[in-house]
Amino acid sequence: MDTSRLKSMRIGVALRALRELIDNPEDTPRVFEIVRALGRSALRRGLRRFRTTEVGQRVLREREDLIETLRDRDTLAALRPGTLGRAYHDFIYGESLSADGLVAASMHQGVQAYNFKDPDLRRFGERMRDQHDLWHTLTQYGRDPFGELCLLAFTYAQTRNRGVGLIVVVGAFRARRELGIAALRAVWAAYRAGRHASWLPGEDWDLNLRLPVDQVRAQLAIKPPAEYRRVLATAQAAA
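Note on numbering: residues in each chain are counted from 1, in written sequence order. At least 70 in pLDDT is required for a residue's local features to be given in this predicted model, at least 80 for side-chain atom pairs to be given and counted, and no such filter applies to totals for whole chains, interfaces and linings, which use all residues. Derived side-chain values reflect all non-hydrogen atoms in the structure, with water molecules and hydrogen atoms excluded from consideration.

Looking at the pattern of salt bridges
Pairing is possible between side chains that carry opposite charge, provided their charged atoms lie close to one another. We apply this condition: Salt bridges are defined by distance alone: a side-chain nitrogen of Lys or Arg within 4 Å of a carboxyl oxygen of Asp or Glu. Numbering of helices and strands runs from the N terminus; a helix is a DSSP stretch of H or I covering at least four residues, while a strand is a stretch of E covering at least two.
Evaluation of the coordinates by the stated rule reveals 13 salt bridges. The partner of R143 in a salt bridge is E95, and the shortest N-O contact between them spans 3.7 Å. Residue R143 is found in the loop between α10 (132–139) and α11 (145–159), and its partner E95 is found in the loop between α7 (84–94) and α8 (101–105); the two are separated by 48 residues along the sequence. Each of R51, D118 and D120 takes part in salt bridges that share partners, so that together they form one network.

Focus on α11
To be explicit about the condition: By this rule the span expected of a helix is its residue count minus one, scaled by 1.5 Å. We call a residue buried when its accessible area falls under 20% of the maximum for its residue type, exposed when it is over 50%, and partly exposed in between, using a 1.4 Å probe and counting protein chains only. Whether two residues are in contact is decided by their heavy atoms, any of which lying within 4.5 Å being enough.
Taking 1.5 Å as the rise per residue, α11 with 15 residues should run 21 Å; its terminal C-alpha atoms sit 21 Å apart, in good agreement. Along α11, 12 of the 15 residues are buried, which leaves the element largely enclosed by surrounding structure. F146, G147, L149, C150, L151, L152, A153, F154, T155, A157, Q158 and T159 are the residues of α11 that are buried. Tucked into the core, α11 has its buried residues touching α3 (40–51), α9 (119–130), α10, α12 (162–179), α13 (181–196) and α16 (226–238).

Looking at the side chain of D130
Along the chain, the position of D130 falls in helix α9. Those residues in contact with D130 that sit more than four places away from it in its chain are L66, I67, L70 and V103.

Here we look at the packing of aromatic side chains
For clarity, the cut-off: Any two rings among Phe, Tyr and Trp, with Trp reduced to its six-membered ring, count as a pair given centres within 6.5 Å; such a pair is stacked if its planes are under 30 degrees apart, edge-to-face if over 60, and tilted if neither. Only when the NZ atom of a Lys or the CZ atom of an Arg is both within 6 Å of the ring centre and within 35 degrees of the ring normal do we say a charge sits over the ring.
Considering all chains together, one arrives at six aromatic pairs under this definition. When the centroid spacing of 6.0 Å and the interplanar angle of 75° are considered together, the rings of W135 and F154 count as edge-to-face. Of this pair, W135 sits in helix α10 while F154 sits in helix α11, placing them 19 residues apart in sequence. As far as the burial class goes, W135 and F154 line up, both buried. Ring pairing ties together the aromatic residues Y141, F146 and Y228, which thus form one cluster. Directly above the ring of Y93 sits R73, whose terminal nitrogen or CZ lies 3.8 Å from the centroid.

Structural notes on the environment of I34
With respect to the helices and strands, the residue I34 is situated in helix α2 (residues 28–38). The sequence separation of I34 and I167 amounts to 133 residues, and the corresponding C-alpha distance is 8.2 Å.

Digging into the nonpolar core
Operational definition: Side-chain atoms within 4.5 Å are what join buried Ala, Val, Leu, Ile, Met, Phe, Trp, Tyr and Cys residues into a set we call a nonpolar core.
Counting residues in each nonpolar core, the largest one holds 59 residues, and the members touching the most others are L134, L138, F146, L200 and W205. Per-element tally for this core: the top contributor is α11, with eight residues. Ignoring sequence-local partners within four residues, the contact set of W205 consists of L66, L84, R127, Q131, L134, W135, L138, L200 and L220.

A look at unusual backbone geometry
Not every positive phi belongs to a glycine, and S96 is a case in point at roughly 55°. The residue S96 is located in the loop between α7 and α8 in this model. Accessibility expressed as a relative area gives 69% for S96, which makes it exposed. Positive phi, close to 70°, is recorded for Q140, a residue that is not glycine. If you trace the backbone, Q140 turns up in the loop between α10 and α11. Since its relative accessible area comes to 27%, Q140 is described here as partly exposed.

Comments concerning the packing of α12 against α13
The geometry of a pair of packed helices is captured by two quantities: the angle between their axes and the separation between those axes. Convention followed: Lines fitted to C-alpha atoms define the axes here, with helix axes fitted over just the stretch in contact, and angles between the N-to-C directions of these axes take values from 0 to 180 degrees. Under the convention adopted here, Pro, Cys and the residues Ala, Val, Leu, Ile, Met, Phe, Trp and Tyr are nonpolar, Asp, Glu, Lys and Arg are charged, and Gly plus all remaining residues are polar.
At a minimum axis distance of 6 Å, the contact between α12 and α13 shows a crossing angle of 145°. Each of V168, A172, A175, R176 and L179 in α12 lies in contact with α13, whose residues at this interface are I181, A183, L184 and V187. For the contact of α12 with α13, the per-class residue count stands at eight nonpolar, no polar and one charged.

Pasting the structure below:
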């Protein structure tokens, strides 16, 4: 199949998934369809950068899977209060989630979204997927639809994934209609926060999970999401 036809097919897949996501913003599997269809080049760029880091070289050499660490509920629960790992544990299980929830959401017709032939690309893609709720914990964007949108804006700044960017643009205009102009300011602030922060895909999460969450935020230059919180507070007051 020629390259232009393949690109057209991927764009078609992304647009169909986007329409379904607009109808149901909580349809997480559609997010993975869009990201896979439009984000391969971003994943490859990310992998190249990952390979230049000590953490990336170790993860790829030793075939480490972040999901194994994040699904170890007992170890996370045993960490001291105030650590990133304990905060992640409390966030996940406080929301009745699990580390495997995103794994299930990334399945489409029995095939994983990151089922690439290149094992390093597959491992990096899965690691990116599995970091999502860690990023929630660090950035303090909630799991409400607007919080998810802001985290995606942060994520786009970190990854330049065109699939993520498309979702953010469409979601931002919808948020503008529902929440007012302040929503656009909050999405823009989330994007700028992602630009300002350290490159999170290359972080050593096994180490960071044991550190105080406020220390990790300071090290990674992640500040509280003030604009997002203002929009959320205004919306809750008006409800």
